[in-house]
Amino acid sequence: MRAGSSLRSRRRHRRRVYDGIAFDVPFGAQGGEWTHFASDPQDVRQSVRAAFEAGATGVVASREYDEMRIPNLEAFGAAAREYGRG
Amino acid sequence: MSERPEPLIGVQLGPHSVFDEGVEPCLDILAKKAAVNAVFVYSQTYYPGCCAG
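Each value, and the rule that gives it
- Residues numbered from 1 in each chain as written.
- Chains lettered and ligands numbered in written order.
- Predicted model: local features only at pLDDT ≥ 70, side-chain atom pairs only at ≥ 80, totals over all residues.
- Heavy atoms only, no water.
- Helix = DSSP H or I, 4+ residues; strand = E, 2+ residues; numbered from the N terminus.
- Contact = heavy atoms within 4.5 Å.
- Areas by Shrake-Rupley, 256 points an atom, 1.4 Å probe, with all protein chains shown as cover.
- Buried < 20%, exposed > 50% of the residue type's maximum accessible area, 1.4 Å probe, protein only.
- Pairing = 2+ DSSP bridges.
- Axes fitted to C-alpha atoms, helices over the stretch in contact; angles between N-to-C directions.
- Expected span 1.5 Å × (residues − 1).

Assigned secondary structure in chain B consists of 2 helices and 2 strands. Helices and strands appear in chain B in the N-to-C order β-α-α-β. Long-range contacts, defined here as pairs at least 24 residues apart, represent 68% of the contacts in chain B between residues at least 6 apart. Carbon and sulfur atoms form 58% of the exposed surface of chain B, whose accessible area is close to 3,600 Å².

Quick look at the structure:
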């Protein structure tokens, strides 16, 4: 979904929207072992930026804390501080 | 001019994360590194054997 379409939808419905920013999500279990796809901190930062620029009321790091790596948590936090204030 | 309210900066986590790391260290990491001001703690999930309690 493009960021612009999300913004148009929000303006029309005037609801609070909290964008999920998914990173470091494991996938593809084989033999009981999951492959962990390490996200790029720059991608995480740009995703948070895009969410706030599209009018998000907030963001939620997804899927869950124990999958997340510190560099991506730091990128998420830095972007939230920079772009979340508007 | 109205001031924009503070945005919700959240994360979902399971209680096992808090037990593993300790409440204070876990919340400190989230607040300092990820700027988190809202925590969504789940108590049930779809993975077998991962329910709290």
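Before going further, it helps to examine the overall build of chain A. In terms of regular secondary structure, chain A is built from 3 helices and 4 strands. Along chain A, helices and strands appear, N-terminal first, in the series α-β-β-β-α-β-α. Here chain A, with 86 residues, has 37% of them falling under the buried criterion. Intrachain contacts of chain A at a sequence separation of at least 6 include 73% that bridge at least 24 residues. For chain A, the exposed surface amounts to about 5,300 Å²; the carbon and sulfur share of it is 48%.

Bringing the sheet that holds strand β2 (residues 38–41) of chain B into the picture now. Across the sheet, which stays open at both edges, the 4 strands sit in the order β1(A)-β4(A)-β1(B)-β2(B) with parallel pairing between neighbours. Two strands close off the open sheet at either side, each with one partner strand: β1 (18–22) of chain A together with β2 of chain B. Sheet twist, expressed as the mean angle between neighbouring strand axes with direction ignored, is 25°. Examined bridge by bridge, β1(A) and strand β4 (residues 58–62) of chain A share 5 bridges and lie parallel to one another. Pairing of A:Gly20 across the sheet is with A:Val60, part of β4(A). Taken strand by strand, helix α2 (residues 41–53) of chain A contacts β1 and β4 of chain A together with β1 (8–13) of chain B, and its axis lies near 170° from that of β1(A).

Bringing helix α3 (residues 70–83) of chain A into the picture now. Over its 14 residues, α3(A) runs 20 Å from end to end, which matches the ideal 20 Å to within 8%, given 1.5 Å per residue. The set of residues buried in α3(A) consists of A:Asn72, A:Leu73, A:Ala75, A:Phe76, A:Gly77, A:Ala79, A:Ala80 and A:Tyr83. Looking at the buried side of α3(A), the elements it contacts are β1, α2 and β4 of chain A together with β1 and α2 (23–34) of chain B.

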